[in-house]
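Listed below, chain by chain, are the residues.
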Amino acid sequence: MFPISILRRRVAGAALLVVSGVAGAFSLSDLSNQDATGGLKAALEQGAKVAVGKLGQPNGFLNNDKVKIRLPGALEQAMPLIRMTGQGQQVDQLVIDMNHAAESAVPQALPLLVNAVKSMSVTDAKNILAGGETSVTEFFRQKTAGELAGKFGPIVKGVTDRNGLSARYNATMGQVARTGLISGDQASVEGYVTQRALDGLYLMIGEQEKAIRRDPMGSGSAIIGKVFGALR
C-alpha cells in the first residue's frame, strides 16, 4: 500500500495533466492501488450518509417533492371522485402513512451502502470515474437493491400493519389490480412503498453525486476535491 503522500502526488499529477491539456488528462491507471481509490470511496460514503440522513429524518420523504411517495397512478386519478364520496381524508392519510413507513426503513440502508463502498473493486472505481454523473447511483443500485428490498419489506410491513395501512391499502388496490390498471407490485402496500423508498434513496444519492462533481472542493474533503477536481 502506498503512503498517502505518494497518493497525493499522484492525484495532484493527474490534476496537473488536466490543467496542462495533455491528452488522456486523468489516467485511470492511477487507481491500481487501494490508496488511489480513497477519494472515490470517501465520496461514495459521504453521499450515502447524506442521502440516508435526509430521508430518514422526520418527514424526510413527505416534505421532499422529489421523493415523496404518492398514490399509484390509477388511484391518484380517481382522487376527485374519492373526495366526492367523502373518503378524501382517509386517502390523504394513506399517503402520509406510506411516507412515514419509507422514512422508517431507510436508515437500515446505510450499513449495506457502506459495505458496498468497502468492497468496491478497482474495476468498479474506474467505471465510476469514467462514467456519467449518475454512475455512483448505478453502482449502489446494482450492489444493494436486491438486499435492501429484502430488508425494507418487513420494516415497511411492520409500520403499515401497526397503523392499519396494510389492510386499507391492500383492500383498495387489490380491487384496482384486478382491473389491470396497476402493476402487480403496486397491489400490496409493502411492495409499493419498498420500491418507492428505494427509488427515492438512489435518487438522493444521485443528487449528492452530482453536487460533488459540480463542486469537488466544496465537499469539505481534500481527497475528494483532488480526485473529482482532476476530472473536471
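Everything numeric here is computed off the predicted structure, so don't read it as measured data.

Rules used throughout
- Residues numbered from 1 in each chain as written.
- Predicted model: local features only at pLDDT ≥ 70, side-chain atom pairs only at ≥ 80, totals over all residues.
- Heavy atoms only, no water.
- Helix = DSSP H or I, 4+ residues; strand = E, 2+ residues; numbered from the N terminus.
- Axes fitted to C-alpha atoms, helices over the stretch in contact; angles between N-to-C directions.
- Parallel < 35°, antiparallel > 145°, perpendicular 65-115°, else oblique.
- Left-handed = near helix turned anticlockwise from the far one by under 90°.
- Contact = heavy atoms within 4.5 Å.
- Nonpolar A, V, L, I, M, F, W, Y, C, P; charged D, E, K, R; others polar.
- Phe/Tyr/Trp six-rings, centres within 6.5 Å; stacked < 30°, edge-to-face > 60°.
- Buried < 20%, exposed > 50% of the residue type's maximum accessible area, 1.4 Å probe, protein only.
- pLDDT = per-residue confidence, 0-100.
- Salt bridge = Lys/Arg side-chain N within 4 Å of Asp/Glu carboxyl O.

Student: So what's going on with unusual backbone geometry? Which residues, and what values?
Tutor: The phi angle at Asn59 is positive, at roughly 65 degrees, despite the residue not being glycine. Mapped onto the secondary structure, Asn59 falls in the loop between α2 (38–56) and α3 (73–77).

Student: Talk me through the packing of α2 against helix α10 (residues 189–214); I want residue IDs and the actual numbers.
Tutor: Contact pair α2 / α10: the axes reach a minimum separation of 8 Å and the direction vectors enclose 130 degrees. It follows from the interaxial angle that α2 and α10 lie oblique. Handedness of the crossing formed by α2 with α10: right-handed. Counted together, Ala43, Gln46, Gly47, Ala48, Val50, Ala51, Val52, Lys54 and Leu55 of α2 and Gly200, Leu201, Met204, Ile205, Gln208 and Ile212 of α10 form the full contact between these two elements. The residue inventory of the contact of α2 with α10, partitioned by class, reads 10 nonpolar, 4 polar and 1 charged.

Student: For the packing of aromatic side chains, give the residues involved together with the corresponding values.
Tutor: The tally for this structure, following the rule as stated, stands at 1 aromatic pair. Ring centres of Phe139 and Phe140 lie 5.5 Å apart, and the angle between their planes is 55 degrees; on these two criteria the pair is classed as tilted. One exposure class covers both Phe139 and Phe140, and it is buried.

Student: How would you explain the confidence of the model for the chain if you had to name every residue and give the values?
Tutor: Interpretation of the predicted coordinates at a detailed level should be avoided for regions scoring low in pLDDT. Residues of the chain with pLDDT of at least 70 account for 62%, and the chain-wide mean is 73. The secondary-structure element of the chain with the lowest mean pLDDT is helix α1 (residues 4–20), recorded at 34, while helix α6 (residues 109–118) shows the highest, at 93.

Student: Quick rundown of the pattern of salt bridges? Include the residues and the values.
Tutor: One pass over the structure, following the stated rule, counts 7 salt bridges. One salt bridge in this structure joins Lys49 and Glu45, with 3.1 Å as the shortest N-O distance. A residue pair is termed a helical-turn pair when its members lie 3 or 4 positions apart in one helix, as Lys49 and Glu45 do in helix α2 at 4 residues. Relative accessible area serves as the criterion here: at 43%, Lys49 is assigned to the partly exposed category. The class for Glu45 is partly exposed, based on a relative accessible area of 24%. For Asp65, the salt bridge identified is with Arg70, shortest N-O distance 3.5 Å. On the accessibility criterion, Asp65 (59% relative accessible area) is exposed. In this structure Arg70 comes out as partly exposed when scored by relative accessible area, which is 37%. Connected through shared salt-bridge partners, Arg141, Arg196 and Asp199 make up one network.

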